[in-house]
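Structural overview
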Amino acid sequence: MTSRGLKESDFEQIGEFLHQSIIITLAIQSEHGKLLKDFNKGLAGNKDIENLKVQVEKFSAQFDRPGFDVATMKFQ
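Everything quoted here is computed from the prediction, not taken from an experiment.

**Focus: helix α2 (residues 36-43)**
Every buried residue belonging to α2 is among Asp38, Phe39 and Gly42, and all of these are buried. All buried residues of α2 project into a common sector of 100° when viewed along the axis, lining one side. For α2, exposure combined with an orientation more than 90 degrees from the buried face picks out Leu36, Lys37 and Lys41. Taken together, the buried residues of α2 touch α1 (8-32).

As structure tokens, then:
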């Protein structure tokens, strides 16, 4: 990730995203159960998951992707 230019504070933010994902998944497990089929039902339309996804996409969009030329939208 350092090849994308991330700094120490960015890694702390990634850690926070991971923490949020664990809290969300534990809540889904406690409500729907630990079996994968039950857990997957809890994922569908989950507002917390959707909010986290938006946050992660916004955060990651600020960093370059090595080997990818944005101007041509192709891998180098």
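Next, the rest of the story.
**A short note on the side chain of aspartate 10**
Summarising the element assignment, aspartate 10 is placed in helix α1. Here aspartate 10 sits buried without a salt bridge, and the closest side chain of opposite charge, lysine 7, lies 6.9 Å off (N-O distance). From its side chain, aspartate 10 meets the backbone nitrogen of lysine 7 in a polar contact 2.8 Å long. If we skip the residues at most four places from it in the chain, aspartate 10 touches Gly5, Phe59 and Phe63.

**Overview of the side chain of aspartate 38**
Within the fold, aspartate 38 resides in helix α2. When neighbours within four sequence positions are excluded, aspartate 38 is seen to be in contact with His32 and Gly33.

**Points about the packing of α1 against α2**
Interhelical geometry of α1 versus α2 gives an angle of 115° and a closest axis separation of 9 Å. Judged by the sense of rotation from one axis to the other, the crossing of α1 with α2 is right-handed. Contacts between α1 and α2 involve Thr25, Ile28, Gln29 and His32 from the former and Asp38, Phe39, Gly42 and Leu43 from the latter. Taken together, the residues that form the contact of α1 with α2 break down as three nonpolar, four polar and one charged.

**A word on the nonpolar core**
Taken as a class, soluble globular proteins show a tendency for nonpolar side chains to be buried jointly. Of all hydrophobic cores here, the largest spans nine residues; its members are Leu6, Ile14, Phe17, Ile24, Ile28, Phe39, Leu52, Phe59 and Phe63. For this core, the secondary structure elements donating two or more residues are α1 and α3 (47-60). Counting residues per element, this core draws most heavily on α1, which supplies four residues. Contacts of phenylalanine 17, omitting those with residues within four sequence positions, involve Leu52, Gln55, Val56 and Phe59.

Rules behind the numbers
- Residues numbered from 1 in each chain as written.
- Predicted model: local features only at pLDDT ≥ 70, side-chain atom pairs only at ≥ 80, totals over all residues.
- Heavy atoms only, no water.
- Buried < 20%, exposed > 50% of the residue type's maximum accessible area, 1.4 Å probe, protein only.
- Helix = DSSP H or I, 4+ residues; strand = E, 2+ residues; numbered from the N terminus.
- Arc of directions from axis to C-beta.
- Contact = heavy atoms within 4.5 Å.
- Lys, Arg positive; Asp, Glu negative; His and termini not counted.
- Salt bridge = Lys/Arg side-chain N within 4 Å of Asp/Glu carboxyl O.
- Polar contact = N/O pair within 3.5 Å; in protein donor to acceptor, adjacent residues only side chain to side chain.
- Axes fitted to C-alpha atoms, helices over the stretch in contact; angles between N-to-C directions.
- Left-handed = near helix turned anticlockwise from the far one by under 90°.
- Nonpolar A, V, L, I, M, F, W, Y, C, P; charged D, E, K, R; others polar.
- Core = buried A, V, L, I, M, F, W, Y, C linked by side-chain atoms within 4.5 Å.

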